[in-house]
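Secondary and tertiary structure notes
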Amino acid sequence: MSFFKKQSSVGKDGLSVETMTKGARLITAAEPKNPVSEQFRTLRTNIEFAAVSRGEIKTLLISSALPSEGKSTVTSNLAIVYAQQGKKVLLVDADLRRPTVAVTFGLNRNSAGLTNYLGDNHKEISDVVHRTAMDNLDVVTSGPIPPNPAELLGSGRMTELVTQLKSQYDLIIFDVPPFLMVTDAQVLMSKVDGVAIVVNGGKTNKGALQRTNEILKIAEAPVLGFIYNDQSRRKKGSSGYGYGYGYGYGYGDTKSK
Ligand SMILES: Nc1ncnc2c1ncn2[C@@H]1O[C@H](COP(=O)(O)OP(=O)(O)OP(=O)(O)O)[C@@H](O)[C@H]1O
Ligand SMILES: [Mg+2]
């Protein structure tokens with residue numbers, strides 16, 4: 001796990017590589033009493049409310065329109081607050097392009113993960129599910145980055161995996177790539193009970209939001225709501241969490257936001 005590490009390093013493509021190289025900041029584990037951790041618990045409650053009208057949510061996919069909007073930070077902290085509530089939770093790193101889960105939870109990056117399972121019919125689920133230091137929280141890391149992520153995620157073996165894992169966990173949360181960039185998230189949206197979209201107030205422009213609506217409709221995604229991740233409140237040069245995180249949860253059409 002990585003706490004209180006220095007802020008964003010940026011890769012050649014201009015995207016933040018902080019969570020890939022140092023792990024997502026697990027404020028909910030490090031500082032459960034911090035107001036930000038409280039915001040994550042509120043997010044959990046709001047997702048539970050959304051589930052009332054839809055039936056039980058056992059599989060939850062978190063995506064965003066564009067890169068670096070906070071998906072990995074949200075998924076890992078959300079997984080923790082569900083586990084802290086006593087639910088048996090599995091976090092699956094289905095971002096096979098910019099994976100973070102292994103490093104976030106201090107696991108060996110080379111440990112067998114999702115791509116090993118999907119690419120090898122002899123692999124057992126138990127070979128790729130890893131315990132974390134946290135009670136009630138297991139993870140499936142991404143495994144080696146494959147040439148064909150969307151194909152692997154859309155495979156029948158992936159569908160079978162999800163079905164089997166559902167019988168072993170109360171909740172499975174998927175971290176996936178941004179859906180305006182590649183099709184990986186869209187491919188998985190049809191396999192889950194609920195989809196929540198992270199929206200970064202400062203970054204996600206109107207055009208991206210309109211395209212978001214179109215894609216969610218085409219994918220027939222079971223959208224529960226939008227998670228507003230306010231990175232603008234982050235203090236420049238700050239090395240800790242501070243109060244720079246802001247999370248909110250909303251429903252419905254992004255056009256009205
Ligand atoms: N609310 C926030 N306040 C401050 N910093 C944040 C917040 N949310 C995310 N960050 C930072 O923004 C960067 C990107 O976050 P993260 O890696 O979680 O996004 P992502 O959507 O998973 O990115 P990718 O598209 O690469 O998968 C990281 O450096 C993270 O620490
Ligand atoms: Mg990510």
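One can find the structure itself at the top, above this paragraph.
All of the points below concern the structure found in this document. (Residues numbered from 1 in each chain as written. Chains lettered and ligands numbered in written order. Predicted model: local features only at pLDDT ≥ 70, side-chain atom pairs only at ≥ 80, totals over all residues. Heavy atoms only, no water.)

1. Quick look at helix α11 (residues 206-218)
Spanning 13 residues, α11 covers 19 Å between terminal C-alpha atoms, matching the ideal 18 Å at 1.5 Å per step. Buried within α11 are the following residues: Ala208, Leu209, Thr212, Asn213, Ile215 and Leu216. Residues of α11 that are buried make contact with α10 (184-189), β6 (194-200) and β7 (223-229). (Helix = DSSP H or I, 4+ residues; strand = E, 2+ residues; numbered from the N terminus. Expected span 1.5 Å × (residues − 1). Buried < 20%, exposed > 50% of the residue type's maximum accessible area, 1.4 Å probe, protein only. Contact = heavy atoms within 4.5 Å.)

2. Concerning the packing of helix α3 (residues 35-54) against helix α4 (residues 71-84)
Between α3 and α4, the shortest axis-to-axis distance is 9 Å and the interhelical angle comes to 80°. Classed by the angle they form, the pair α3 and α4 counts as roughly perpendicular. Between α3, through Ser37, Phe40, Arg41, Leu43, Arg44, Ile47 and Glu48, and α4, the contact on the second element is made entirely by Thr73, Val74, Asn77, Leu78, Val81 and Tyr82. A class-by-class count of the residues in the contact of α3 with α4 yields seven nonpolar, three polar and three charged. (Axes fitted to C-alpha atoms, helices over the stretch in contact; angles between N-to-C directions. Parallel < 35°, antiparallel > 145°, perpendicular 65-115°, else oblique. Nonpolar A, V, L, I, M, F, W, Y, C, P; charged D, E, K, R; others polar.)

3. Some remarks on the layout of surface pockets
In this approach, a probe sized like a water molecule rolls over the atoms, and the result shows the empty space that is left. Here the second largest pocket defines a volume of roughly 240 Å³. Surrounding the second largest pocket, 13 residues form its lining, Pro99, Ala102, Arg109, Ser142 and Gly143 being those nearest its centre. (1 Å grid on protein atoms, 1.4 Å probe; cavity = no way out; pocket = protein on both sides within 12 Å on 5 of 7 lines; lining within 4 Å. Points joined across faces, edges and corners; volume = space filled by probe spheres on them.)

4. Structural notes on the pattern of salt bridges
Counted according to the given criterion, the structure contains seven salt bridges. With its nearest N and O atoms 3.8 Å apart, the salt bridge here joins Arg25 to Glu18. (Salt bridge = Lys/Arg side-chain N within 4 Å of Asp/Glu carboxyl O.)

5. Structural notes on the pairing of β7
For β7, a buried count of six out of seven residues is recorded, marking the element as mostly surrounded by other parts of the structure. Sheet analysis places β6 next to β7, joined by six bridges and oriented parallel. Note that in β7 the partner of Ile197 across the bridge is Phe226. (Pairing = 2+ DSSP bridges.)

6. Section: the environment of Ile227
Mapped onto the secondary structure, Ile227 falls in strand β7. Ile227 gets classed as buried once you look at its relative accessible area, which sits at 0%. Counting along the chain gives 163 residues from Ile227 to Ser64, while the straight-line C-alpha distance between them is 9.3 Å.

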